[in-house]
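Topology and contacts: notes
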Amino acid sequence: MKGPQATAVTLTINAVPRTLTIEPRVTLLDAIRDYAGLTGTKKGCDQGTCGACTVMVNGRRIDSCLTLAMMHESDAITTIEGIARGETLQPVQAAFIEHDGFQCGFCTPGQIVSAVAMLAEGHALSEDTVRTQMSGNICRCGCYPHIVDAILEAGKPA
Amino acid sequence: MNPFAFARADSVASALTAVHRTPHAQFIAGGTNILDLMKDDVEHPPILIDINALPLRAIEQRGDQLFIGALARMSDIAAHPLVQSAFPVISIALEESASPQLRNMASIGGNVLQRTRCPYFRDTATPCNKRNPGSGCGAIGGFNRMQAVLGTSDRCIATHASDVAVAFTALDAVVHIAHGSGTRTVPLTEFYREPGTTPQVENALAPGELIVGLAIPELAYGAHSTYVKARDRAQYEFALASAAVALDVQGGTIRAARIALGGVATVPWRARQAEALLAGAPATRASYERAAEAALHGARGQGQNDFKIPLAKRVVVRALEMVSA
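Residues numbered from 1 in each chain as written. Chains lettered and ligands numbered in written order. Predicted model: local features only at pLDDT ≥ 70, side-chain atom pairs only at ≥ 80, totals over all residues. Heavy atoms only, no water.

Some words on the interface of chain B and chain A
- With 32 residues of chain B at the contact, the number on the chain A side is 30 residues.
- Each partner contributes to the roughly 2,400 Å² buried at the junction of chain B and chain A, and carbon and sulfur atoms together form 54% of this total.
- The three residues of chain B that bury the most area against chain A are Lys39(B), Gln101(B) and Tyr236(B), which together make up 24% of that side's buried surface.
- The interface formed by chain B and chain A includes three salt bridges.
- One salt bridge connects Lys39(B) with Asp46(A), and the closest N-O pair in it is separated by 2.8 Å. (Contact = heavy atoms within 4.5 Å. Buried area = accessible area lost by both parts, 1.4 Å probe. Salt bridge = Lys/Arg side-chain N within 4 Å of Asp/Glu carboxyl O.)

Some details on the sheet that holds strand E2 (residues 26–28) of chain B
Residue and element names in this part refer to chain B.
- Strand order in the open sheet formed by three strands is E1-E3-E2, and the pairing between neighbours is parallel. Edge strands, defined here as strands with exactly one partner in the open sheet, are strand E1 (5–8) and E2. The sheet shows a mean angle of 30° between the axes of neighbouring strands, taken without regard to direction. (Pairing = 2+ DSSP bridges. Helix = DSSP H or I, 4+ residues; strand = E, 2+ residues; numbered from the N terminus. Axes fitted to C-alpha atoms, helices over the stretch in contact; angles between N-to-C directions.)

A closer look at the sheet that holds strand E5 (residues 65–69) of chain B
All names here are of chain B.
- One open sheet holds the five strands; their spatial order is E4-E5-E8-E6-E7, and the pairing between them is antiparallel. Whereas interior strands pair on both sides, the edge strands pair on one side only; in this sheet they are strand E4 (59–62) and strand E7 (182–187). Strand after strand, the sheet turns through a mean of 25° between neighbouring axes, direction not considered.
- Sheet analysis places E5 next to strand E8 (residues 210–217), joined by five bridges and oriented antiparallel.

Focus on the packing of helix H2 (residues 91–98) of chain A against helix H3 (residues 108–121) of chain A
All names here are of chain A.
- Two numbers describe how H2 lies on H3: the axes approach to 9 Å, and their chain directions differ by 130°. Here H2 is positioned oblique relative to H3, judged by the angle of their axes. In this structure, the crossing between H2 and H3 has a hand that is right-handed. Of the residues in H3, those touching H2 at Val92, Gln93 and Phe96 are Thr108, Gln111, Ile112, Ala115, Val116 and Leu119.
- Classifying every residue of the contact of H2 with H3 gives six nonpolar, three polar and no charged. (Parallel < 35°, antiparallel > 145°, perpendicular 65-115°, else oblique. Left-handed = near helix turned anticlockwise from the far one by under 90°. Nonpolar A, V, L, I, M, F, W, Y, C, P; charged D, E, K, R; others polar.)

Okay, structure coming up:
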């Protein structure tokens, strides 16, 4: 999709700076997947409805499909590939496995990144707040009960 | 998306200069509305000017007003102690809007300028007088369950989609606008334009102008305010009907009230007749029901959306009961 207006943009994804040659119209989602090659972040609706493309920008969860890559040159971008610490799973990842928080798995990277950010936001945890605060992530397999259980467990004080 | 050029502005002055340079240039802040519309080919600006570096993120007391910079994000405003204490209706309306991800992205200037969710506006294969003036209205006589019942015309029945603009309208918020030779202010109640014969004209903003912030004047009873939103899902859905209310009750008598409706009108809808009926009335359900009737005075359904009229009345009554409890 390179065109006449493609320019070099340096994005810092999972603490690694990458210089990509992209057009202004490339969304952050497409830059992450198609230019940086990090395909863990998923493209579902591409219109900010499903949350499959959730990433963190400077620690805040956003839908990467509704922002331009060029707008994030000085930001710290975290994708699902940057959530674990080496071979040690992030507690939300471990809890999703423990509670079987997925079926097809397509929404799972977005669910996990969103949940990690949600827990850092410091909401008082209950089933209601998890359902409310995770409303931006749709699961078409309908695994919500297990997703809620996983997030509640991951959010318990250690 | 069609190709476009991209530029960054680092000051209000440079943003205004840049937007004047190219006809049909547009600003981008959060991007959640403009990029969505560009993907659908409803909008096709030749250049986007990124204004995120502009110093317009303050949320602060300025004299007797609460000032919210145009680039403050929905989530930051909702969580701000000044907003939560003085005007809970703003926080609640924001928390009831969109999703957490979108609230982290969307600026308040963009929120109040967001375009309608009318499916005909967003589908370029269908007629729409707002998108393509003179082409007709697909919603009139078409799928109109989500459309407006107040402020409509025979050219357009599209609903205004913002929740927080309804709260701002109830609170007499004032829009601060920068232009080439200075700044001007417009009360939000005069900012929006009902469709009439020109549904493509949605507000008082002239080409090349930039919203720099919103000011909310002090309201002694602002702490007694709330937002009630009825919708098809519990979260992450646009309003079928909503009400922003504030109520000053002393010894069982209402001294003053503010009421605005969302989800049912072509612009955030201030219900001044209902407010006037409540002033001096007893704080009872009967008073609230009279006010709700007045708030929906003149409402006209299109068939599928007739249900919004009784629904909106119940939403008004519930909101008034909640703030007087």
